[in-house]
Amino acid sequence: MRGRPEPDSGEPAETLDRPLPERVRHRVILLAGDSFAGMTIAELPVTLRQYARFTPSRRVKFGGSAMAAALENDTVFRQRVAARLRAAEPELADAVEQGSPPPAADPVEGAAAAFGLRPPRWAKPVAAAGEEAQRAQAERAEQEREREVARLREELAQTQAAARADGERLRAELDLARKEADAVHRKLRSAVSDVRRGEATARKLRAELEEARAEAASARAAADGEARRLRARLAQAEAALEAGRKAVREGRGIEDMRLRLLLDTVLDAAQGLRRELALPPARLRPAQTVDAVEPGGMTPQDVAQRALAEDDPALLDQLLALPQAHLVVDGYNVTKTGYPALPLEKQRLRLLGGLAVLAAQTGAEMTCVFDGAELAAPVLVTPPRGVRVLFSRPGQTADELIRQLVRAEPRGRPLVVVSSDREVADGVAGAGARPVASALLVKRLART
C-alpha cells in the first residue's frame, strides 16, 4: 500500500517512497474490519459488501487485500474508517493530527492512525514505524540467535560430560568383565573335574541299573501271577453282579407298570384341559430359535449383475422395484447434466416434477438434495407429492448431506444414489448404496 493524493485536495498529498510496513498494513486492515460494525451495507464499497456478514477474523483473513485496496482507492471509505478510529481512540487521533503522538504509544498504532487520518506530514511516522519494526525484528532475531548459541553450548557441555561419564562407566564395565572372565575360567576348570567325577559315578550307576533290572524282572513275574489270580476273582464278581441285575429287572417291571398307568392318567387329563381351554397348536418350533443366515431377497448388487447396460433406464426401474427402495438424487448434478441452459429455479421445478411422476409410478421413497451452502436465505420450494426436498446447511455441501442420508439408512435396505460425482459415488458405494449416473435418471425421466 502506497499513499496517493487525496482527490479533493488542491495540492498533491504526501506519498510513501516504499511499501507500507507489514505490521502497519495489518493494523490498518484490522481498523478497517472493525469499522464494518458502524456502517450499513450501502455505505460500504461494492467490493467489500460480500464480507459484511463475516466474523471479524474471517473478514480479515479473506477480505484483507480487498480492504487494503479500498482504503487506498476509496477516499470516502478511508474517511469513515478514520472517523471510527477518532471515535474509538480520541486521544491518539488528536495527538497524531497535531503531529506529536504520545511517547508511550506503540509506533505501529501511531503509524496506522496517521495512514487513516492523513494529517500533514503523515508519511514520516509511517516510514519511522516501518524502520522501528525492522529494528525490533532484527533485535529479536539477534536475541534468538544468542539464545540458540547458549543452548547449543549447554548441550555440548552436557554431551561432553555424558561422554566422559560413559567412558568411565565403560572402563569400569571392562574391569568387571575381566574379573568375571577369570571367575568363569576357574569355574570351567572346576566343571571339568566335576565332569570326570560324574563319568565315574555314571559307570557305577549303570552297574546298579543292571542289577535293578534283574530285580524288576523277577518282580514282574510275581505281579503277573497275582494279576491272573485277580482276574479270576473279577470274573466271579461279574457273574454275581449280573445275577443281581436280573433280580432288579424283575422287580422293576411292577414299578414300570405303575408309572405307565400314572402317565396315561396325566396325558388324559392334559388332553381334556386342552379341549376345555381351546388351546391352539404351538407355532414356534425349536429350529426357529437357532441363529443362522436365511436366504434373502434381491439387493441392488444383485440387480447390478443382471445383463443390463449401465446407461439403460430399465436398470433404474429394476432398482426401484426392489422392496422399500429409496432413491437419493444429487439435484444440481442431475439438472446441470440434463438441462444446464435453464435458470436454477426452472431446473429445480423440472427435476422435481419428473421425480413426482416417477414416485407415483414406482412407489419408491425419493429424496432430492440441493446445494444450499452459498444461499443467504432458504429457497421457497413446494415439494411435490412423494418427493422429499432438502437443502444443505450453510457451510455444508450437498455431497456431505447425501453421505449423511446414506449413513442414516440401515444396512440391507435398497438405496440408490444418483450422482455423476466420482467421489460421491465411491463414498456411498462403500456405505452399501448403489450409485448410478445422472444421465441414467435424465433418460428415465424423459420417458415419463
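The next subject is the sheet that holds strand β5 (residues 434-436). With respect to topology, 5 strands assemble into an open sheet ordered β3-β2-β1-β4-β5, the strand pairing being parallel. Of all strands in the sheet, those bounded by a partner on one side alone are β3 (387-391) and β5. Shown here is a sheet whose adjacent strand axes are inclined to one another by a mean of 20°, direction ignored. Bridge analysis of strand β4 (residues 415-418) against β5 gives 3 bridges, and the strand direction is parallel. The partner of Val 417 across the bridge, within β5, is Pro 435.

Here helix α8 (residues 313-320) has its buried residues at Pro 313, Leu 315, Leu 316, Leu 319 and Leu 320. Along the long axis of α8, the arc covered by the buried residues comes to 150°, so they all point the same way.

Among the nonpolar cores identified, the biggest contains 28 residues, and Leu 327, Val 329, Leu 351, Leu 355, Cys 368 and Leu 441 are the most heavily contacted of them. Secondary structure elements with two or more residues in this core: α8, β1 (326-330), α9 (331-338), α10 (344-362), β2 (365-370), β3, β4 and α13 (438-446). At 6 residues, α10 tops the list of elements feeding residues into this core. The residues contacting Leu 351, other than those within four sequence positions of it, are Val 329, Gly 331, Val 334, Thr 335, Tyr 339, Cys 368, Phe 370 and Leu 445. Listed in part, the 19 residues of the second largest apolar core include Val 28, Tyr 51, Leu 71 and Leu 85.

Our focus in this paragraph is the side chain of Ser 419. Checked against the element boundaries, Ser 419 lands in the loop between β4 and α12 (422-430). For Ser 419, a relative accessible area of 6% puts it in the buried group. Of the polar contacts made by the side chain of Ser 419, one reaches the backbone nitrogen of Asp 421; its length is 3.2 Å. Excluding its chain neighbours within four sequence positions, the residues that come into contact with Ser 419 are Asp 330, Asn 333, Val 424, Val 436, Ala 437 and Ser 438.

On to the pattern of salt bridges, then. Overall, the coordinates contain 16 salt bridges when judged by the stated rule. Between Glu 226 and Arg 229 there is a salt bridge, with the nearest N and O atoms lying 1.8 Å from each other. Taken together, the residues Glu 226 and Arg 229, both in helix α6 (residues 123-277) and 3 residues apart, mark about one turn of the helix. Taking the relative accessible area as the measure of exposure, Glu 226 reaches 34% and is therefore partly exposed. What emerges from the salt-bridge pattern is a single network uniting Glu 365, Arg 388, Glu 409 and Arg 413.

Attention now moves to the packing of helix α1 (residues 22-34) against helix α2 (residues 56-73). α2 packs onto α1 with a crossing angle of 95° between their chain directions and a minimal axis gap of 9 Å. Considering their axes alone, α1 and α2 lie roughly perpendicular with respect to each other. Side by side, α1 and α2 meet where Arg 25, His 26, Val 28, Ile 29, Leu 30, Ala 32 and Gly 33 of the first sit next to Arg 59, Val 60, Gly 64, Ser 65, Met 67, Ala 68 and Leu 71 of the second. Of the residues that constitute the contact of α1 with α2, the class distribution is 8 nonpolar, 4 polar and 2 charged.

Turning our attention to the packing of aromatic side chains. The final tally for this structure, using the stated rule, is 2 aromatic pairs. Between the aromatic rings of Tyr 332 and Phe 370, the centroid separation amounts to 5.0 Å while the plane-to-plane angle is 55°, which identifies the pairing as tilted. In this pair, Tyr 332 is assigned in helix α9 and Phe 370 in strand β2, connecting sequence segments 38 residues apart. Its relative accessible area of 13% is what places Tyr 332 among the buried residues. Linked through ring pairs, Tyr 332, Phe 370 and Phe 391 together constitute an aromatic cluster.

Cut-offs and rules
Residues numbered from 1 in each chain as written. Predicted model: local features only at pLDDT ≥ 70, side-chain atom pairs only at ≥ 80, totals over all residues. Heavy atoms only, no water. Pairing = 2+ DSSP bridges. Helix = DSSP H or I, 4+ residues; strand = E, 2+ residues; numbered from the N terminus. Axes fitted to C-alpha atoms, helices over the stretch in contact; angles between N-to-C directions. Buried < 20%, exposed > 50% of the residue type's maximum accessible area, 1.4 Å probe, protein only. Arc of directions from axis to C-beta. Core = buried A, V, L, I, M, F, W, Y, C linked by side-chain atoms within 4.5 Å. Contact = heavy atoms within 4.5 Å. Polar contact = N/O pair within 3.5 Å; in protein donor to acceptor, adjacent residues only side chain to side chain. Salt bridge = Lys/Arg side-chain N within 4 Å of Asp/Glu carboxyl O. Parallel < 35°, antiparallel > 145°, perpendicular 65-115°, else oblique. Nonpolar A, V, L, I, M, F, W, Y, C, P; charged D, E, K, R; others polar. Phe/Tyr/Trp six-rings, centres within 6.5 Å; stacked < 30°, edge-to-face > 60°.

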